[in-house]
Amino acid sequence: MPESDTGGVRSVQRAVDLLALFDPDHPSRSVRELVDATSLPKSTVVRLVHTLEQCGLLWSRGNGHLVPGTGLLRWAELAGRTWRLPEEALRRLADLSEASGGETVSVFVRQRDTRVCVARHEGTRSLRHVVHVGTELPLWSGAASHVLLSCSDRVDVAAVAAGASDDDWAELLWERTRRAAADGIAVSHGEREPGVSGVAAPVLAGPSGRLTAALALGGPTTRFTDEAVADFAPALLETARALTTLDCIGGSA
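Description of the structure in this document.

Rules and cut-offs
- Residues numbered from 1 in each chain as written.
- Predicted model: local features only at pLDDT ≥ 70, side-chain atom pairs only at ≥ 80, totals over all residues.
- Heavy atoms only, no water.
- Helix = DSSP H or I, 4+ residues; strand = E, 2+ residues; numbered from the N terminus.
- Buried < 20%, exposed > 50% of the residue type's maximum accessible area, 1.4 Å probe, protein only.
- Contact = heavy atoms within 4.5 Å.
- Areas by Shrake-Rupley, 256 points an atom, 1.4 Å probe, with all protein chains shown as cover.
- Phe/Tyr/Trp six-rings, centres within 6.5 Å; stacked < 30°, edge-to-face > 60°.
- Lys NZ or Arg CZ within 6 Å of the ring centre and 35° of its normal.
- Pairing = 2+ DSSP bridges.
- Axes fitted to C-alpha atoms, helices over the stretch in contact; angles between N-to-C directions.
- Polar contact = N/O pair within 3.5 Å; in protein donor to acceptor, adjacent residues only side chain to side chain.

### A closer look at the overall build of the chain
The helix and strand inventory of the chain stands at 9 helices and 9 strands. Principal-axis analysis of the C-alpha atoms places the extent of the chain at approximately 60 × 40 × 40 Å. For the chain, buried positions account for 41% of its 253 residues. The long-range fraction of contacts in the chain, counting pairs at least 24 apart against all pairs at least 6 apart in sequence, stands at 55%. Surface summary for the chain: the accessible area is close to 13,900 Å², and the carbon and sulfur share equals 53%.

The following block contains the structure:
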């Protein structure tokens, strides 16, 4: 890649990284906070902020703080329309939750080394697993991750596993993704958080058969016994097949 192209890609990545620093806990940021969070030179941050303001992606409140810009409103509305599942799919998630005895149902897609929740139906149990739409979770852990990596090669899985603190995790993750590929379903207990379990199945992209998402049930490990998972599995697999037929993940062509 030519040097100028490399610099351009680096600038785009830095701009995206700046925008990613704004979240529900940090709806506004000062330039100083952006500098501290990125460890970039202040001159670089100021230049990036100016460009993002010009594009409407950041907005200066005039009190030294920046907030997401008005240019993001159109994209947010479009993303909401694109990723919201149709009523038939949402009904299927609700039916799955009911069939599982009230566990939370989530749909995850892969984004680089994370999995992102793009849809969910919150369970009815008092003690339940909560993952909000838009939440990013590490791809190296959890049943949904095993499914999302089930078509990946060993090099890809090892790169993802590097995010875990366990030096032996690459081999363990590879074994679990191979098992998910062979069984068409994955189960995990306490991988990301002690006491939390999950069971997941693949959702494919209609006629192409490309792996596009993982449909998962999540909840306390005490309720995800071998017997309970065996009871969950038929409804989970049926729902995953229904979502494949609907071919609705990421909108329609």
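What follows picks up the thread again.
### Looking at the environment of G163
Position of G163 among the secondary structure elements: in the loop between helix 7 (154-161) and helix 8 (169-183). With 36 residues separating them in the primary sequence, G163 and V199 have C-alpha atoms 22 Å apart.

### Let's talk about the packing of aromatic side chains
Summed over all chains, the structure comprises 2 aromatic pairs. Judged by centre distance (6.1 Å) and plane angle (90 degrees), the rings of W140 and W169 are edge-to-face. Taken as a pair, W140 in the loop between strand 6 (136-138) and helix 6 (143-148) and W169 in helix 8 lie far apart in primary sequence, 29 residues in all. Measuring from centroid to centroid gives 5.1 Å for F224 and F232, while their planes differ by 70 degrees, and the two rings are edge-to-face. Each of the two residues, F224 as well as F232, counts as buried. The aromatic ring of F108 is capped on one face by R115, whose charged end is 4.7 Å from the ring centroid.

### Section: the sheet that holds strand 8 (residues 196-204)
One open sheet accounts for 6 strands, arranged 6-5-4-9-8-7; its pairing is antiparallel. Edge positions in the sheet fall to strand 6 and strand 7 (186-189), since each has one partner strand and no second. Neighbour-to-neighbour, the strand axes of this sheet turn through a mean angle of 35 degrees, independent of strand direction. Sheet topology note: the strand 7/strand 8 ladder contains 4 bridges and is antiparallel. Residue pairing across strands places S188 opposite G198, the latter belonging to strand 8. Strands in contact with helix 9 (residues 226-246) are strand 4 (104-111), strand 7, strand 8 and strand 9 (211-220); relative to strand 8, the strand with the most contacts, it is inclined by about 30 degrees.

### A short note on the sheet that holds strand 3 (residues 65-68)
Read from one edge to the other, the open sheet built from 3 strands follows the order 1-3-2, with strand pairing classed as antiparallel. Each of the sheet's edge strands pairs with one partner strand only, and the pair in question is strand 1 (29-30) and strand 2 (58-60). With respect to the sheet, helix 3 (residues 42-54) is in contact with strand 2 and strand 3, its orientation differing from that of strand 2 by roughly 100 degrees.

### Regarding the side chain of S145
With respect to the helices, strands and loops of the structure, S145 is situated in helix 6. Here the side chain of S145 touches P138 through a polar contact of 3.5 Å, landing on its backbone oxygen. Not counting chain neighbours up to four residues away, the residues in contact with S145 comprise R115, P138, L139 and W140.

### Considerations on the pairing of strand 5 (residues 114-121)
Most of strand 5 sits inside the fold, with 7 of its 8 residues counted as buried. Between strand 4 and strand 5, which follow one another and run antiparallel, lie 2 residues, and R112 among them has a positive phi close to 55 degrees. As paired strands, strand 5 and strand 6 are joined by 3 bridges and run antiparallel to one another. From the neighbouring strand, R115 faces strand 6, where its bridge partner is L137.

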